Amino acid sequence: MAIISRPDVPFIPETITVHLGDPDQPAENVTVSFPDYIKNVASSELYPTWPEAALRANILAQISFALNRIYTEWYRAQGYDFDITNSTKFDQSFIKGRDFFQNISRIVDEIFDSYIVRRGSKEPLFAAYCDGVEVECEGLAQWGTVELANQGRIPYEILQHYYGEDIDLVRDVPVNANFESYPLYPLRLGTFGREVAIIQHELNRIAENYPAIPKIVNVDGIFSADTEAAVRAFQRIFNLTEDGVIGNATWYKIKYIYNSVKGLGELFSEGIAPEELESPFESVWQEGDFGVWVRLIQYYIRALSCYYGITPRIEITGRFGPETTEAVRKLQAIYGIPQDGVVDVQTWGRMYQDYRRNVNRIPADCFNISPIYPGYLIYRGMGDNNVRLIQTYLQRIAQADPDIPDITLTGVFDEQTAEAVRAFDRKYLEEGQGIIGPITWNAIVAQYNRLTQAP
Amino acid sequence: MIDHQPDQRPAVTKAQNGPEISEYFNTFMSANPSTGTIVFEVHQDSPVRGRIPVPNALVTISRPLGGNYFISKVVITDENGETEPVELPTVSRERSLRPGEGRASTTYRASVEAPGYRRQDIYDIEIFDGITSVQHVDLQLNAGTRGNG
C-alpha cells in the first residue's frame, strides 16, 4: 500500500503493519487489516466479560492510539518499515494469530472508523492507557473503566473522565483503501443506486468462494429480495447482526472480505472497476441529463422543496434543466454542503434520508396524491403493506380497464404483479420496467382515486 | 459398540498408569465450573482464488488434565470452513471482573488437519465464561501437493 504522507485529514488505513518486538529489536513485521488489528489488540488488552461501555471506551482509546501513530508517522519518520509495535512498553499488545472474542469483534466492526480528538486539534488523540493496578499512568486506567461502567457511565463520559472534558468523538472517518467509504445511509430493501450495484457485484464474487451465499440474479443496482437474502447469509457467516440491512459494519465487512477473496489474477487483470459495472445509475446527475432516472431524482427534489417551502416547485419532466439545478442548490444550502447544483452521491444520500425521515410531513398539495410514495422502490420479491396496497389498487384498475390483467391479492410482489405493473406503465406512462418508483406509484394512486371518486 | 459420533460432553482419554482419571477430571471441573464457547473459521489464502474456506477440516481441541490425561473434543468444518460452536469448561466470570482474582480464563490448544494441507497447531486459545471466541486458522498447502487451489 502506498504510504500517504501527512494527509490533511486523518483517515482509517486499509491495513496496518505491526512489528512484533521492540522498535530496535529485529523481529517479524505482520500486515493485517485495520479492523482485524483492533480486534486483536482489544482481545489481548481487555477481558471480554467487562461491561459493554468499558469495552467501547477502551476500544476507542486503542483506535485513537493506533491512528495517532499512523497520522504522525511516528515510526516511519524514524526510518522504520512499520506503523506500530506490539511491545506494551511503547505501544499496545498484539498477539499474532490469536482468537478474537465475538462481542469485541462486533463492537469493532461498528466503531473502527471513529476516534477521539482534543477539541481544536485535528490529529487522533494520543490516548495513553495502562491497567491502573499493576501500572499507574497518566491516561486511561483499564480497570477504572470497569468501575465507571458499573456506575452507569457511557463510553464518552468514561473517556472524558480520563482525557478531559474537551474531547470529541469523530465518526464515519474516511477509509483510505481501494474501496469507497460508507455512503452514510443504510442500504436496505428498495434502495437503489451505484453503491447497490457495486455491493451486488461484490457479494456475487464472495459467493463464488462461500457457496452458502445465494447468487443475486440481476446485478442492476436495485436492492431486491435476493440481494437481501445474500446480505443475510453474508451476515450469518461473518458474525454480524443478521438484519439484511447494509449499515456501516456490514458495508465495510463486505469490502474487506471482497478484497480478501479476490485472487491475484483478479487484482492484476480481471479486477472490475466500479465504473465498468452495468447499472442504470450514473454516479452524478447534473444539468443536461435526461431520462427516467432524472424523473425519479426530480420527484425527490420536488417533494423536499414542498417540505422546506422552496419555490418554485419544479415540474417532473425527466430533463435536468436550470430550474432543477437551482432547486438542488437550495437544498444543498439547507444541508450545508457545497452548492454546485449537481446531484452527487453525498447530495443524493442526504435527499434520500431526508425524504425517508419526513415522508409523512410532505404537504398534501405537493402531488395531490394520498397515500404518498413510501420512499423506496417496490420491486419483485418484496412483500409488505405497500405491496398489498398497490395490489388492491391494481385490482380495482383492472376491473375498469381490460388492458390491465387482473391479479390476486397475495401481499407479495410476484410475477402477476410485475405483469400488471408493466401493463399499467405501457398504457399510462411512456416507459416502464415493472418496478414501482414514485412516478408509477403516483400514476397508480391517481388512477385509482379517479375510479373510486367517480360518480 | 462402534460409535464415532462426536460426544456432546468432553471426552476423557485414559492413560496407562497413575491416579484415577476421575480425580483429575473432578479437580479440573471444580476449578472450571463455567462455560465458554469456541468457533473455528478455517480457510486458505490461495494465490489464484483468494481466500477460500476449507470444508471438512478436522479440529481437535484439547487440554491436559495432568497424568497424561487430556480433555478433548473433535469437530469438523462445514462448507463455510466453520465449526459448530463448542462449549468448553472455564473459570467463573467473577474472576475477570475484579483485578487480582488470578487466572481470568482457561486456555485450550487445537490442531487443525485437512487433506492436502499442513497440520496447524494453535496454543493458548482463551475461553471466557459466557463469551464466544472465534479462532481464524489460515492453512498452508502441503509442499508437493498439486492441483489444489
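Note that the structure is predicted; figures quoted are calculated from it, not measured.

A word on the overall build of chain B
Piece 1. Secondary structure summary: chain B contains one helix and nine strands in total.
Piece 2. Along chain B, helices and strands appear, N-terminal first, in the series β-α-β-β-β-β-β-β-β-β.
Piece 3. When the 149 residues of chain B are sorted by exposure, 42% land in the buried category.
Piece 4. At a minimum sequence separation of 6, the contacts of chain B that also span at least 24 residues come to 59%.
Piece 5. As displayed, chain B offers around 8100 Å² of accessible surface, 48% of which is attributable to carbon and sulfur atoms.

Here's the deal with the confidence of the model for chain B
Residues and elements named next belong to chain B.
Piece 1. Averaged over all residues, the pLDDT of chain B equals 86, while 83% of them reach at least 70.
Piece 2. Segment residues 1–7 is flagged for pLDDT under 50; beyond a separation of four residues in sequence, or across chains, it makes three contacts in the model.
Piece 3. Overall, residues 145–149 carries pLDDT values under 50, and its contacts beyond four positions in sequence, including any with other chains, amount to seven contacts.
Piece 4. Predicted complex metrics record ipTM = 0.84 and pTM = 0.69.

A look at the state of the cysteines
Each disulfide is one covalent bond, formed between the sulfur atoms of two cysteines.
Residue and element names in this part refer to chain A.
Piece 1. Going through the model one piece at a time under the given rule, you end up with two disulfides over all chains.
Piece 2. With a sulfur-sulfur separation of 2.2 Å, cysteine 130 is cross-linked through a disulfide to cysteine 137. Taking the sign of the S-S torsion, -95° for the link of cysteine 130 and cysteine 137, the bridge is left-handed.
Piece 3. Cysteine 137 gets classed as partly exposed once you look at its relative accessible area, which sits at 34%.
Piece 4. In this model cysteine 306 forms its disulfide with cysteine 366; the gap between the sulfur atoms is 1.9 Å. The chirality of the disulfide connecting cysteine 306 with cysteine 366 is right-handed, given an S-S dihedral of about 75°. Of the two residues, cysteine 306 sits in helix H10 (residues 292–308) while cysteine 366 sits in the loop between helix H12 (345–358) and helix H13 (385–400), which places them 60 residues apart along the sequence. Each member of the pair, cysteine 306 as well as cysteine 366, carries the same accessibility label: buried.
Piece 5. Of note for chain A: the bonded cysteines, numbered N- to C-terminal, pair according to 1-2, 3-4.

Regarding the side chain of A:Thr145
Piece 1. Tracing the sequence through the fold places A:Thr145 in helix H4 (residues 142–150).
Piece 2. There is a polar contact of 2.5 Å between the side chain of A:Thr145 and the backbone oxygen of A:Gln142.

Remarks on helix H1 (residues 34–45) of chain A
All names here are of chain A.
Piece 1. Over its twelve residues, H1 extends 16 Å from the first C-alpha to the last, a length consistent with the 16 Å expected when each residue adds 1.5 Å.
Piece 2. By the criterion of burial, H1 is predominantly enclosed, with ten of the twelve residues buried.
Piece 3. Of the positions making up H1, those classed as buried are Phe34, Pro35, Tyr37, Ile38, Lys39, Asn40, Val41, Ala42, Ser43 and Glu45.

A short note on the pairing of strand E2 (residues 15–19) of chain A
All names here are of chain A.
Piece 1. Of all five residues in E2, four are buried, a share of seventy percent or more.
Piece 2. Relative to strand E3 (residues 29–33), E2 runs antiparallel, the two sharing five bridges. The residue of E3 that forms the bridge with histidine 19 is asparagine 29.
Piece 3. Bridge count between E2 and strand E4 (residues 84–85): two bridges; the pairing is parallel. In the strand pairing of E4, valine 18 is matched with isoleucine 84.

Details of the interface of chain B and chain A
Piece 1. Chain B puts 28 residues into the contact, and the matching count from chain A is 31 residues.
Piece 2. In total, about 2300 Å² of surface goes out of reach between chain B and chain A, with carbon and sulfur atoms giving 52% of it.
Piece 3. Of all residues in chain B, B:Arg51, B:Asn80 and B:Val134 bury the most surface against chain A, accounting for 22% of the area lost on that side.
Piece 4. There are one salt bridge connecting chain B and chain A.
Piece 5. On inspection of chain B and its partner chain A, the count reaches 13 residue pairs in polar contact (both at pLDDT 80 or more).
Piece 6. The biggest single contributor to the side of chain B that touches chain A is strand E9 (residues 132–138) of chain B, with five residues.
Piece 7. The residue inventory of the side of chain B that touches chain A, partitioned by class, reads eleven nonpolar, seven polar and ten charged.
Piece 8. Pairing geometry for strand E5 (residues 100–101) of chain A and E9(B), over two bridges, is antiparallel. Within E9(B), the residue paired with A:Phe101 across the bridge is B:Ser133.

Focus: the side chain of A:Ser33
All names here are of chain A.
Piece 1. Along the polypeptide, serine 33 turns up in strand E3.
Piece 2. By relative accessible area, serine 33 is classed as buried at 15%.
Piece 3. Setting aside anything within four residues of it in sequence, one finds serine 33 in contact with Glu14, Thr15 and Tyr256.

What to know about the packing of aromatic side chains
Residue and element names in this part refer to chain A.
Piece 1. One pass over the full model with this rule turns up 32 aromatic pairs over all chains.
Piece 2. Here tyrosine 75 and phenylalanine 82 contribute two aromatic rings whose centre-to-centre distance is 5.3 Å and whose plane-to-plane angle is 45°, an arrangement assigned as tilted.
Piece 3. Here tyrosine 75 falls in the buried class, since its relative accessible area comes to 2%.
Piece 4. Relative accessible area serves as the criterion here: at 1%, phenylalanine 82 is assigned to the buried category.
Piece 5. Between tyrosine 299 and tyrosine 300 the ring centres are 5.8 Å apart and the planes differ by 90°, which places this aromatic pair in the edge-to-face class. As far as burial versus exposure is concerned, tyrosine 299 and tyrosine 300 are alike and both buried.
Piece 6. Among the aromatic residues, those joined into a cluster by ring pairs are Phe192, Trp285, Tyr299, Tyr300, Trp348, Tyr355, Phe367, Tyr373 and Trp441.
Piece 7. Residue placement shows lysine 255 over the ring face of tryptophan 251; its charged tip is 4.4 Å from the ring centre.
Piece 8. Positioned over the ring face of phenylalanine 290 is arginine 319, at 4.9 Å from the centre of the ring.

Some points on the pattern of salt bridges
Where side chains of opposite charge bring their charged atoms close, a pairing between them can arise.
All names here are of chain A.
Piece 1. This model, assessed by the stated rule, comprises 26 salt bridges over all chains.
Piece 2. Between arginine 56 and glutamate 52 there is a salt bridge, with the nearest N and O atoms lying 2.9 Å from each other. Of this pair, arginine 56 and glutamate 52 both sit in helix H2 (residues 52–71), four residues apart, which is roughly one turn of the helix.
Piece 3. According to the relative accessible area criterion, arginine 56 is buried, its value standing at 17%.
Piece 4. Overall, the relative accessible area of 45% leaves glutamate 52 in the partly exposed class.
Piece 5. Residues arginine 56 and glutamate 110 are paired through a salt bridge, measuring 3.1 Å at the closest nitrogen-oxygen approach. Residue arginine 56 is located in helix H2, and its partner glutamate 110 is located in helix H3 (residues 102–111); the two are separated by 54 residues in the primary sequence.
Piece 6. Beyond isolated ion pairs, a larger network of salt bridges with shared partners links Glu415, Glu419, Arg422 and Arg426.

What counts as what
- Residues numbered from 1 in each chain as written.
- Chains lettered and ligands numbered in written order.
- Predicted model: local features only at pLDDT ≥ 70, side-chain atom pairs only at ≥ 80, totals over all residues.
- Heavy atoms only, no water.
- Helix = DSSP H or I, 4+ residues; strand = E, 2+ residues; numbered from the N terminus.
- Buried < 20%, exposed > 50% of the residue type's maximum accessible area, 1.4 Å probe, protein only.
- Contact = heavy atoms within 4.5 Å.
- Areas by Shrake-Rupley, 256 points an atom, 1.4 Å probe, with all protein chains shown as cover.
- pLDDT = per-residue confidence, 0-100.
- Disulfide = S-S within 2.5 Å.
- Polar contact = N/O pair within 3.5 Å; in protein donor to acceptor, adjacent residues only side chain to side chain.
- Expected span 1.5 Å × (residues − 1).
- Pairing = 2+ DSSP bridges.
- Buried area = accessible area lost by both parts, 1.4 Å probe.
- Salt bridge = Lys/Arg side-chain N within 4 Å of Asp/Glu carboxyl O.
- Nonpolar A, V, L, I, M, F, W, Y, C, P; charged D, E, K, R; others polar.
- Phe/Tyr/Trp six-rings, centres within 6.5 Å; stacked < 30°, edge-to-face > 60°.
- Lys NZ or Arg CZ within 6 Å of the ring centre and 35° of its normal.

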